[in-house]
Amino acid sequence: FADAVVARILTLLKQNNMTRYRLEILSGIDHGHMQRIIKDKRKNITIKTVAMIANGFGLTLSQFFDDPIFDFANFVAKKITFFSTFLQPLNLKYY
């Protein structure tokens, strides 16, 4: 979940031509907290934090999560691809 949130943040920053600093100001999230989120050191991002970030982009939570990166099927497909890539050289079955 946290990886998808970070990917969405980075995509929205680029789409909106916005700096992280600007997002921090608009969302009310302090710099250190945002750094831990972006640098993937914070795996347990709360919905409150995501709501604050969405608000910083001028989005609702629904709009923030309205992206294929949050689709469960997409998530499962990526995990299957990862595991099949990892296990294939070992000649192991993963099903």
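Read on for an overview of the structure.

Scoring rules and cut-offs
- Residues numbered from 1 in each chain as written.
- Predicted model: local features only at pLDDT ≥ 70, side-chain atom pairs only at ≥ 80, totals over all residues.
- Heavy atoms only, no water.
- Helix = DSSP H or I, 4+ residues; strand = E, 2+ residues; numbered from the N terminus.
- Buried < 20%, exposed > 50% of the residue type's maximum accessible area, 1.4 Å probe, protein only.
- Contact = heavy atoms within 4.5 Å.
- Areas by Shrake-Rupley, 256 points an atom, 1.4 Å probe, with all protein chains shown as cover.
- Phe/Tyr/Trp six-rings, centres within 6.5 Å; stacked < 30°, edge-to-face > 60°.
- Lys NZ or Arg CZ within 6 Å of the ring centre and 35° of its normal.
- Expected span 1.5 Å × (residues − 1).
- Arc of directions from axis to C-beta.
- Polar contact = N/O pair within 3.5 Å; in protein donor to acceptor, adjacent residues only side chain to side chain.

Some remarks on the overall build of the protein
In terms of regular secondary structure, the protein is built from six helices and zero strands. Of the regular secondary structure in the protein, the N- to C-terminal order runs α-α-α-α-α-α. Of all 95 residues assigned to the protein, the portion counted as buried reaches 28%. Residue pairs in contact within the protein that sit at least 24 positions apart in sequence constitute 55% of those at least 6 positions apart. Only carbon and sulfur atoms are counted for the fraction: they give 58% of the accessible area of the protein, which is about 6,600 Å².

Here we look at the packing of aromatic side chains
The final tally for this structure, using the stated rule, is three aromatic pairs. Each ring, one from phenylalanine 64 and one from phenylalanine 70, has its centre 6.0 Å from the other, and the planes form 45 degrees; the classification is tilted. An aromatic cluster of three or more residues is present, and its members are Phe64, Phe65 and Phe70. The lysine or arginine in question, arginine 8, covers the ring of phenylalanine 64, its NZ or CZ lying 5.7 Å from the ring centre.

Concerning helix 1 (residues 2-15)
Relative to the 20 Å expected for 14 residues at 1.5 Å per residue, helix 1 spans 20 Å between its end C-alpha atoms, a close match to the ideal helical length. With its phi angle positive at about 50 degrees, asparagine 17 sits one or two positions after the end of helix 1.

Comments concerning helix 4 (residues 47-56)
An α-helix turns once every 3.6 residues. As a result, residues three or four positions apart point the same way. Where helix 4 is concerned, the buried positions are Thr49, Val50, Ile53, Ala54 and Gly56. Each buried residue of helix 4 sits inside an arc of 155 degrees when the element is viewed along its axis, so together they form one side. Structural note: helix 4 exposes Ile47, Lys48 and Asn55 on the side pointing more than 90 degrees away from its buried face. Residues of helix 4 that are buried sit in contact with helix 1, helix 2 (20-27), helix 3 (31-38) and helix 5 (61-65). One or two steps after helix 4, the chain reaches glycine 58, where phi turns positive at roughly 80 degrees.

Overview of the side chain of threonine 49
Relative to the assigned elements, threonine 49 resides in helix 4. Taking relative accessible area as the criterion, threonine 49 reaches 10% and is therefore assigned buried. A distance of 2.9 Å separates polar atoms of two side chains, one belonging to threonine 49 and the other to threonine 46.

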